[in-house]
Structure formats: structure tokens, C-alpha cells
Amino acid sequence: MIETDIAIVGGGIAGLWLQTVISDAGYSSIVIEKDGLGAGQTLASQGMIHGGLKYSLQGTRSGASEAIADMPGVWRECLAGAKRPDLHQVKLLADRYFLFSDSALSGRLTAYLGAHAIMGGTRRLSPPDFPPPFDNNVFRGMLYELPDAVLDTVSLVTSLAEAQQGRLICGTPTIIRSARGIRELELDTTSVRAQCYILAAGQGNEALIREGQFEVAMQTRPLHQVMVKGRLPRLYAHGVSLKSLDKPRLTITSHPCDDGDIVWYLGGELAESGVHLSEPEQIVHAQSELDAMLPFIDLSGCQWATLRVDRAEHYQPHGRRPDEPYCERQDNVVFCWPTKLTLVPMLANRVLALIREQPEFDQPATDGLEPPRLARPPWSVAFK
Ligand SMILES: Cc1cc2nc3c(=O)[nH]c(=O)nc-3n(C[C@H](O)[C@H](O)[C@H](O)COP(=O)(O)OP(=O)(O)OC[C@H]3O[C@@H](n4cnc5c(N)ncnc54)[C@H](O)[C@@H]3O)c2cc1C
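Below or above, wherever it landed, is the structure these notes cover. (Residues numbered from 1 in each chain as written. Predicted model: local features only at pLDDT ≥ 70, side-chain atom pairs only at ≥ 80, totals over all residues.)

1. Side note on the site of the ligand
- Around the ligand there are 39 residues in total, and G10, G12, G40, G202 and G204 lie nearest to it.
- Listed by contribution, the elements that provide at least two residues to the shell around the ligand are α1 (13-24), β2 (29-33), β12 (218-230) and β16 (303-314).
- It is α1 that contributes the most residues to the shell around the ligand, three residues altogether.
- Of the residues contributing to the shell around the ligand, the split by class is 16 nonpolar, 18 polar and five charged.
- Residues from two domains meet in the shell around the ligand; each of domain 1 (2-42 + 155-218 + 316-377) and domain 2 (93-147 + 220-310) gives at least three. (Near = placed C-beta within 6 Å. Helix = DSSP H or I, 4+ residues; strand = E, 2+ residues; numbered from the N terminus. Nonpolar A, V, L, I, M, F, W, Y, C, P; charged D, E, K, R; others polar. Domains from an automatic or database assignment.)

2. Regarding helix α5 (residues 153-162)
- A large share of α5 lies buried, amounting to seven of its 10 residues.
- Buried residues along α5 sit in contact with α1, β7 (150-151) and β8 (168-170). (Buried ≥ 20, exposed ≤ 12 C-beta atoms within 10 Å, placed from the backbone. Contact = placed C-beta atoms within 7 Å.)

3. A few points about unusual backbone geometry
- Cis geometry is found at the peptide bond from R84 to P85, where omega equals -10°.
- Positionally, P85 belongs in the loop between α3 (71-79) and β3 (92-94).
- Residue P133 follows P132 across a cis peptide bond; omega there is 5°.
- Take P133: it is sitting in the loop between β5 (123-125) and β6 (143-146).
- A positive phi is found at Q213, a non-glycine position, where the angle reads about 55°.

4. Re the sheet that holds β6
- If you trace the eight strands from one edge of the open sheet to the other, you get β5-β6-β4-β13-β14-β15-β12-β16, paired in mixed fashion. Each edge of the sheet is formed by a strand with only one pairing partner; in this case those strands are β5 and β16. When the angles between neighbouring strand axes are averaged without regard to direction, this sheet yields 25°.
- Here strand β4 (residues 97-101) pairs with strand β13 (residues 237-240) via four bridges, running parallel. When the bridges of β13 are listed, L99 appears paired with H238. (Pairing = 2+ DSSP bridges. Axes fitted to C-alpha atoms, helices over the stretch in contact; angles between N-to-C directions.)

5. Notes on the pairing of β4
- Most of β4 sits out of view: four of its five residues are buried.
- In this sheet, β6 lies alongside β4 in antiparallel orientation, the contact comprising four bridges. Counted as the bridge partner of F98 is E145 from β6.

So this is what it looks like as C-alpha cells:
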């Protein structure tokens, strides 16, 4: 039996970040991961640290954009090693990304982006300053530079996990209830007893909530992402157009492969509207979206694949997107969903406030128990 102050179920960004914050606050803890660290949403995410502009494309500052506005600054300090968790070893894929439009975009967006250019460090670029691949005669849209980072999520998960070695175990826990919350978690070869249990298992929270007969509602929003592999330029960008003003029509991040190729990982509206399409249909859909938004990119000879993955969030009426991270405590159990990678620092502060009263324990002994391996990002699984 492992005894600890806090047992965290789920080794994604939420569980791993929470463990650092909890350890810093003097609590002993253990993370239990059933698959690979970062499996689920974290390694499947696009790693963009949003500053809120993406949420404001309708032209008004939404709750989401207000909540998210401080987050890039917090991440920047962590990435510089000036704030905990120390993320100075995390690789940046890009320290800025672009927002581009097709040539037909309305004045509404132009006016909005113009106003926020001064506030958020967002900068409108003029044609002589267009970087590749926009520096050509075919591109006739607008181009903005956003000062927010794109993270290499594999190095993010690795960095957080390395700092917690000996406190991560592999397993699928069974919940043993008590009259007030959870008594313990049963694993194949041991069990874990804690003062407080944090369910940070993303979509896996659904089964845990059902199994423990708790009353917390969550929702999933399915996505059908697309991957394109080839000799592509590195591009980190949201493409917007009249067709989808409330969210990017296309979000592109680039992921280098060992063979020198780049994988473009495509999300945004493309991934939401493509959930009912088969894999071949979604690839055709992506090809036509790229052709409409980036007709100057040569995609001949590229390999294509898709990934179905769900966003897991706290329930919102009518399937709306939550604005903020969510956590709730019932007896000795905390349920949480960060909503976005970007919002994990905010989630961690809120969870810490919920568990503040817990007494300290010694670090649990995990000798002889198998630690979880690191999961693989989708582009390294899709193109073997
Ligand atoms: C396609 C996509 C793109 C995204 N892009 C961005 C982006 O660019 N920027 C941004 O800010 N956010 C983005 N997000 C959102 C972000 O990825 C998530 O909010 C975040 O990763 C959620 O982290 P998590 O740790 O809560 O969940 P997850 O990453 O899903 O981790 C949950 C972990 O729990 C484990 N688990 C599940 N059940 C159990 C169980 N019973 N026992 C033990 N372990 C269990 C899983 O194996 C998994 O490792 C994106 C999401 C998706 C799906």
C-alpha cells in the first residue's frame, strides 16, 4: 500500500503540472497513468499558448479571451526558468505565430485586429515584411504576427515528468469508495491511499466518475485532425476567412521528423467540421481547404493521415466551449479539466486552493513499481 497526501489520476499536462505545484507546496503526491504520459489530448494538442486573440475573432472580447490574456506571460516566465514549474528545458517550436486571412475577408476583422494590434503585441505585417511562405505574388490576404509561443509538447511532458521521477506510476486504478469520497485506489500490484484524490484524467474522468458514482458532468467535443508529411516549410498559423469568423478555418503547426520532413498538423474548423467524414473524405476536405487558403504551397508527393481525438471539458449547456479551466471538490475528491493547455497554470492555482488544508505526509515509496513510459505524438505513430 502506498500512502500519500495526494493521488493524481492522469499523467497529461494537468496531472503533471499539478504534481509540481503540489510538491512545491509541501505535499507528497503520486501520479497514476494508465497509458503513456501525455497520451490523450496533451501530445495530440497543437501546443499553442493562446493569448486570447483567437477567441475574439467575432469582434468582441469574450470571457475566454479575458481569462486567457495573462497566460502567455506566465508561460514565458516558466520557460525562462524564472517561475515554477521550471520549464527552461522545454523546446519552443516557435516564439510567435501568424494569423492570415484570405483576400475576401471583411472590414470587421480588419478593424478589430487593427485595434488589438496595439494592446496584445499583435503586429500587422505589410507585404515587404512578409516572411516565407507568404512572400509571394499569389498571397493577397492580411498577415498578423502574434507574440505567443508554440511548444514542443513532448519536451514539455518529459521535463515535467523528469522532475517528478519516483512519484509516477503506471496503472489503471479501481476506485474504492468510502462514505465521504474515495477510500483508496486499487491497482494490479498495490493500492494507493491518499488524503485527497485529484481526477485529472481528461476524457478518462468520464469512466472514473461513473465508476465512483460521483455527480459531475463533463462533455467531449470530437475533432478530426489532419497530418501532412513532406518537404514543407515550417508554418505556425491560424487561417481565417469569411467562411468561419468565430474560429480559425485552419490552424497549422509544424513538427520536424527525423528524416528531415515536416509534418503539418491541421486543426481548427477543419477538424470540427470533419468529424462526420471518413479518413479519405477528411483528407480530400483538408486538401481543398489548403488549396483555398494557401494555394502557393506545393503539396505534391506529401503523405496524408488523420487523427480522431476528443477534447474533454466540464459540461456546458448546448455543447458550448468553456471559457475557463474547471475544478470542483466533493469530499476528498477534486475533479478537473484545464479546457486548454494554455490555462493549466490557472487550473493549478485553483486546485491548490481547494486542497490547502491537507496535512503533510512523507513521500510514498514506489520501489519495484513500474513507472509509465512517455507516449508518442500522433505524427510519429502515423508515419512509421
Ligand atoms: C487536437 C487538439 C489540439 C489542441 N490544441 C491546443 C493548443 O494548441 N493550445 C491549447 O492551449 N490547448 C490545446 N488543446 C487542449 C489541450 O490539449 C487540453 O486541454 C489538455 O492537454 C488537457 O490536458 P489533461 O492533462 O487534462 O488531459 P489529457 O492530456 O487527455 O491527459 C489525461 C491523461 O489521463 C490518462 N488517463 C485516462 N484515464 C485514466 C485512468 N482511468 N487511470 C489513469 N490514467 C488515465 C490518459 O492516458 C492521459 O494520459 C488541444 C486539444 C486537442 C484535442
